[in-house]
Amino acid sequence: MSYIVTIQGTTYNISLDDREGRVALQIDGRPVEIDMASIQGDQLYSLLIEGRSYTAVAATFGEQREVRVNGVSSVVTVEDEQLARLRGQVKTRRRAGGEQIKAPMPGRVVSISVAVGDTVETGHSVVVIEAMKMENELRAHAGGTVKDIPVGEGDTVDKNDVLVVIGD
């Protein structure tokens, strides 16, 4: 499995291959062998990384996690690499008239989190579409005012259909 991991503002490409508790890990292409054991559900872990022992505590807050390793706390964001690639393929067009958020592939509109007239900022979630049995949250690439929403919840959309228009 591959992930895009951001720790305190620095981004890493992480690949994991879990083999019976022994994890083959690559960080930006550099192999790191670790042993990992869950001590308490998905929150407390014992790690042995290149011969050094660590205790890690993880807490999730929305899309971010706080991870405390041997008492040192860091804010961590983890995103599946395939999902990150899909989000990167979302077609947008920014011009004097605004930004058009388009469907990256055929799918169904699951939810719309904005209304015409709403003010959004860069990164604001605007619409969720379901494609290939996965829900994909599409976000504004620039701030502005929602000018048009030519689709509705439950609508089927084709690749490149305009979902939301954001203007200046």
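Calculation rules
- Residues numbered from 1 in each chain as written.
- Predicted model: local features only at pLDDT ≥ 70, side-chain atom pairs only at ≥ 80, totals over all residues.
- Heavy atoms only, no water.
- Buried < 20%, exposed > 50% of the residue type's maximum accessible area, 1.4 Å probe, protein only.
- Helix = DSSP H or I, 4+ residues; strand = E, 2+ residues; numbered from the N terminus.
- Pairing = 2+ DSSP bridges.
- Core = buried A, V, L, I, M, F, W, Y, C linked by side-chain atoms within 4.5 Å.

Novice: What is the right way to read the pairing of strand β13 (residues 125-131) from this model?
Specialist: Where a strand is regular, its side chains alternate between the two sheet faces. Burial within β13 is extensive, with six of its seven residues counted as buried. Relative to strand β14 (residues 134-139), β13 is paired through six bridges, and the arrangement is antiparallel. Counted as the bridge partner of Ala131 is Met134 from β14. From the end of β13 to the start of β14, which pair antiparallel, there are two residues, and Met132 there has a positive phi angle of about 55 degrees.

Novice: Hey, could you run me through unusual backbone geometry in this one?
Specialist: The phi torsion of most residues other than glycine is negative, and most of the peptide bonds are trans. The phi dihedral of Asp28 is positive, around 50 degrees, even though this residue is not glycine. With respect to the element layout, Asp28 can be found in the loop between β3 (22-27) and β4 (30-40). Among the residues examined, Asp28 registers a relative accessible area of 47% and is labelled partly exposed. Although it is not a glycine, Glu50 sits at a positive phi angle of roughly 50 degrees. When you line up the elements, Glu50 lands in the loop between β5 (44-49) and β6 (52-61).

Novice: Would you mind going over the nonpolar core with me for this structure?
Specialist: Nonpolar side chains in soluble globular proteins generally cluster together in the buried interior. If you look at the biggest cluster of nonpolar residues, it comprises 18 residues, and the most contacted ones within it are Val126, Val127 and Leu163. Sorting the residues of this core by element identifies β11 (107-112), β13 and β17 (162-167) as the ones contributing at least two each. Residues Tyr3, Ile14, Ile34 and Val76 belong to the second largest nonpolar core, which totals seven residues.

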